[in-house]
Amino acid sequence: MENSSTSTLGVGILGAGPVTQAIHLPTLSRIRDVFHVAKVMDVDPKIAESVAGRVGAGWTTSMDELLADESVQIVVVCSPHQFHAEQVIAACRAGKQAILCEKPFAMSQAEAEQIAAVSQETGVPIIVGAMHTFDPGWLAAKEHWGDLVQTAHTIRYSIVLPPNPRFEDFATEVITRPESQPRDRRDPEVAAGMVRGGIMGLAIHDLPLVRAFCPDFTDLHVLSCEVPDPSGYLLNLRIGDRNVQVFGINTQSWEPEWIFEAIGDDAALRIDFTPSYVQAGSATATISRGGKSEVYGPYPFNGYEAEWRFLADLAKGKAQPLDVTELIHDLTFALEVADTASAAVRATTAPKATTAPQKEASV
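Residues numbered from 1 in each chain as written. Predicted model: local features only at pLDDT ≥ 70, side-chain atom pairs only at ≥ 80, totals over all residues. Heavy atoms only, no water.

Student: With reference to specific residues and values, describe the packing of helix 5 (residues 84–93) against helix 6 (residues 109–122).
Tutor: Look at helix 5 against helix 6: their axes get within 9 Å of each other, and the N-to-C directions meet at 10°. By the angle between their axes, helix 5 is roughly parallel relative to helix 6. Listed contacts from helix 6 to Ala85, Val88, Ile89, Cys92 and Arg93 of helix 5 are Glu111, Gln114, Ile115, Val118, Ser119, Glu121 and Thr122. Looking at the contact of helix 5 with helix 6 residue by residue, the class counts come to six nonpolar, three polar and three charged. (Axes fitted to C-alpha atoms, helices over the stretch in contact; angles between N-to-C directions. Helix = DSSP H or I, 4+ residues; strand = E, 2+ residues; numbered from the N terminus. Parallel < 35°, antiparallel > 145°, perpendicular 65-115°, else oblique. Contact = heavy atoms within 4.5 Å. Nonpolar A, V, L, I, M, F, W, Y, C, P; charged D, E, K, R; others polar.)

Student: So what's going on with the pattern of salt bridges? Residues and values would help.
Tutor: Within the structure shown, the criterion is met by 13 salt bridges. For Lys39, the salt bridge is made with Asp69, and the minimal N-O distance between the two is 2.9 Å. One end of the pair, Lys39, is in strand 2 (residues 35–41); the other, Asp69, is in the loop between helix 4 (63–68) and strand 4 (74–77), with 30 residues separating them in the sequence. Each member of the pair, Lys39 as well as Asp69, carries the same accessibility label: buried. Salt bridges linked by common partners bring Arg30, Glu305 and Arg309 together as one network. (Salt bridge = Lys/Arg side-chain N within 4 Å of Asp/Glu carboxyl O. Buried < 20%, exposed > 50% of the residue type's maximum accessible area, 1.4 Å probe, protein only.)

Student: Lay out the environment of Ala140 in plain terms, naming residues and giving numbers.
Tutor: When you line up the elements, Ala140 lands in helix 7 (residues 136–144). The exposure class of Ala140 is buried, given its relative accessible area of 8%. Spatially, the C-alpha atom of Ala140 lies 6.5 Å from that of Tyr296, the residues being 156 residues apart in sequence.

Student: An account of the pairing of strand 1 (residues 9–14) is requested, with residue identities and associated values reported.
Tutor: Taken across its six residues, strand 1 has six buried, putting it largely inside the fold. In strand 1, alternate side chains face the same way, and those of Leu9, Val11 and Ile13 on one face and Gly10, Gly12 and Leu14 on the other are all buried. Where strand 1 meets strand 2, six bridges bridge the pair, whose relative direction is parallel. Bridge pairing links Gly10 to His36 in strand 2. Sheet topology places strand 1 next to strand 4; four bridges connect them, and they run parallel. Within strand 4, the residue paired with Gly12 across the bridge is Val75. (Pairing = 2+ DSSP bridges.)

Student: Talk me through the sheet that holds strand 12 (residues 267–272); I want residue IDs and the actual numbers.
Tutor: A sheet is described by the order of its strands in space; here eight strands give the open sequence 8-9-10-7-11-12-13-14, paired in mixed fashion. Edge positions in the open sheet fall to strand 8 (220–226) and strand 14 (292–296), since each of these has one partner strand only. The average angle at which neighbouring strand axes cross in this sheet is 10°, direction not considered. Relative to strand 10 (residues 242–250), strand 9 (residues 231–239) runs antiparallel, the two being bridged by nine bridges. Bridging across to strand 10, Ile239 finds its partner in Arg242. Helix-sheet contacts for helix 7 involve strand 11 (257–263), strand 12, strand 13 (284–289) and strand 14, and the interaxial angle to strand 13 is about 25°.

Student: If you had to explain the sheet that holds strand 1 to someone new, which residues and values would you point to?
Tutor: Pairing within the open sheet is parallel, and its six strands lie in the order 3-2-1-4-5-6. Two strands bound the open sheet, and with one partner strand each, they are strand 3 (58–60) and strand 6 (126–128). In this sheet, neighbouring strand axes are inclined to one another by 25° on average, regardless of whether the strands run parallel or antiparallel. Here three bridges tie strand 5 (residues 98–101) to strand 6, and the two strands are oriented parallel to one another. Each bridged residue has a counterpart across the sheet, and for Ile99 the counterpart in strand 6 is Ile126. The strands touched by helix 2 (residues 18–30) are strand 1, strand 2, strand 4 and strand 5; relative to strand 2, the strand with the most contacts, the crossing angle is about 155°.

Student: Got a sec to walk through the pairing of strand 8? Specific residues and values, please.
Tutor: Of the strand pairs in this sheet, strand 8 and strand 9 are connected by six bridges, and their pairing is antiparallel. By the bridge assignment for strand 9, Glu226 is matched with Leu234. Linking strand 8 to strand 9, which pair antiparallel, is a turn of four residues.

Student: Residue-level account of helix 2, with values.
Tutor: A rise of 1.5 Å per residue sets the reference length of helix 2, with its 13 residues, at 18 Å; its end C-alpha atoms lie 18 Å apart and thus fit the reference within 8%. Of all the bends in helix 2, the largest measures some 35° and sits at His24, one to four residues before the proline Pro26. Those residues of helix 2 not exposed but buried are Thr20, Gln21, Ala22, Ile23, His24, Leu25, Pro26, Thr27 and Leu28. (Expected span 1.5 Å × (residues − 1). Bend = angle between axes of the 7 residues up to and from the residue.)

Right, here's the structure in full:
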């Protein structure tokens, strides 16, 4: 009988935090006929050893050691954002078969272009973990929405979620989660940082979907930007000739929702996604046209599993690599939204200058 560790693709994980523990490991456990976790790296040896122990993998605190391990064919980058570009480039140069990098895969256009050049030079394909772009519900919508990309005038994208730890705790026991400290949203820098962090950490999941409906995505204007209580963002944008609203909020009590909508005069699309940490099948897409509605989904698996299965096909040469230029456009679009919105909220939150009353001239 063939050993599963030699008949399946070995995965090396850089960064063993909550995303690894609560999303990728549960996903990989469902497709053990395709992958096995070969090695886990984290700068904290206790976390690396504990997480690796859950899946019978080796562990290390060294990226170089993981990349030198011949049992690792696939690398997934789940480290803090500022390390993504360096680690993706190193994995390419190590000659791995494919790389999955959590979003954002770089922190600037220059970094993204460097990644693209190294990927082309080494022939190592890269995908970015924007899971909804792989979701079967989204892919079904693309097949059936007709000319809606050309005719849509309004795009709406809203996320209402409890804090991530609530979902993480249902998925697994997450170790060493830092406690978040309350922040004063009245401080312009705090408010700007919250908006930028929310866009690059949460909104970025579906900004590629927004960009798909905004062909003039470089013509971007922030009409208004607010920071809702307790945290999140509410953006009203004008992108080309499209009205776009991007909303995200973390709350302790509301029902979760994750909705994308594109609306035209004669047709509309609504996609209802399942929450990130809930392995509950795919999104459901509803296309309304001429007084009738067509529903696609839900399908048996979600975008996380779909992206991993696509990664396997890439590694085996069964799928065409993604256009890295499109990944760069997705990144630069997200950065432009984040930078413009954070500047807008900084300006509107800053205290207004007051003019001291002038004394009346003495007679």
